[in-house]
Structure formats: structure tokens, C-alpha cells
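Reading the structure
Residue strings, one per chain:
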Amino acid sequence: MAKKDIQPKYYPNAKISCSCKNVIEVGATQPEIKVEMCSQCHPYYTGESRMVDTAGRVERFNQRYAKKK
């Protein structure tokens, strides 16, 4: 006995929005997806070396390191 309608709805023109304002159209099961990084702004792909700090971890590390000196 086969079940009907068990597959999620497929959106052939779903939009992926990045925080750098880049928008990519792909096929997905959600109509709109929001991401923090994409291939246009990710340091690995751009060759830039920048720190991505979302929770203040780098600042806390630098403070601890400064105390030890």
C-alpha cells in the first residue's frame, strides 16, 4: 500500500539570501532560505583572511591572552 503526498513540496526557484546581500536561486523544499555566509563572502573562497566572530569569542580570547602577558 503506497502512501500519497509524503514528499515535501519542491520549489524550483527557491531563493537563498546571504547576509552580504547576495541572492541565489536553487531548487529546494523551502521557498526562502537565509544564510550568514555564501561563496561570495566566505574567506575560504575569497582568499581574504578575516575573523568571523558571532559570539565575541575572539575578543574573550584576546583578553585572556593579554592577562597572561
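Please refer to the structure higher up on the page.
Procedures and definitions
Residues numbered from 1 in each chain as written. Predicted model: local features only at pLDDT ≥ 70, side-chain atom pairs only at ≥ 80, totals over all residues. Heavy atoms only, no water. Pairing = 2+ DSSP bridges. Helix = DSSP H or I, 4+ residues; strand = E, 2+ residues; numbered from the N terminus. Salt bridge = Lys/Arg side-chain N within 4 Å of Asp/Glu carboxyl O. Buried < 20%, exposed > 50% of the residue type's maximum accessible area, 1.4 Å probe, protein only. Phe/Tyr/Trp six-rings, centres within 6.5 Å; stacked < 30°, edge-to-face > 60°. Contact = heavy atoms within 4.5 Å. Patch = residues over 30% accessible without salt bridge, like charges linked within 9 Å, V, L, I, M, F, W, Y side chains within 5 Å. Areas by Shrake-Rupley, 256 points an atom, 1.4 Å probe, with all protein chains shown as cover. Lys, Arg positive; Asp, Glu negative; His and termini not counted. Charge placed at Lys NZ, Arg CZ, Asp CG, Glu CD. Axes fitted to C-alpha atoms, helices over the stretch in contact; angles between N-to-C directions.

All right, on to the pairing of strand β1 (residues 11-18) then. Relative to strand β2 (residues 23-28), β1 runs antiparallel, the two sharing 5 bridges. Across the sheet, residue Ile16 finds its bridge partner in β2, namely Ile24. Two elements, β1 and strand β3 (residues 32-35), share 4 bridges in a ladder whose sense is parallel. Paired with Cys18 across the two strands is Val35, which belongs to β3.

Across all of its chains, the model carries 2 salt bridges by this definition. Note that Lys15 is salt-bridged to Glu25, the shortest N-O span being 2.9 Å. Of the two residues, Lys15 is situated in strand β1 and Glu25 in strand β2; the sequence distance between them amounts to 10 residues. The class of Lys15 is partly exposed, set by a relative accessible area of 37%. A salt bridge links Lys34 to Glu32, with the shortest nitrogen-to-oxygen separation between them at 4.0 Å.

Turning our eyes to something else, we now look at the packing of aromatic side chains. Summed over all chains, the structure comprises 1 aromatic pair. Measuring from centroid to centroid gives 6.2 Å for Phe61 and Tyr65, while their planes differ by 10°, and the two rings are stacked. With Phe61 and Tyr65 both in helix α2 (residues 57-68) and 4 residues apart, the pair spans about one turn of that helix. For Phe61, a relative accessible area of 53% translates into the label exposed. Residue classification places Tyr65 among the partly exposed residues on the basis of a relative accessible area of 46%.

Looking at the secondary structure, you find Gly27 in strand β2. Apart from residues no more than four positions distant in its own chain, Gly27 is found in contact with Tyr10, Tyr11 and Pro12.

On the surface, Arg57, Arg60, Arg64, Lys67 and Lys68 cluster together into a patch of positive charge. The class for Lys67 is exposed, based on a relative accessible area of 73%.

The strand order across the open sheet formed by 3 strands is β2-β1-β3, and the pairing between neighbours is mixed. Looking at strand neighbours, the two that pair on one side only are β2 and β3, the edges of this open sheet. Taken pair by pair, the neighbouring strands of this sheet meet at an average axis angle of 30°, ignoring direction.

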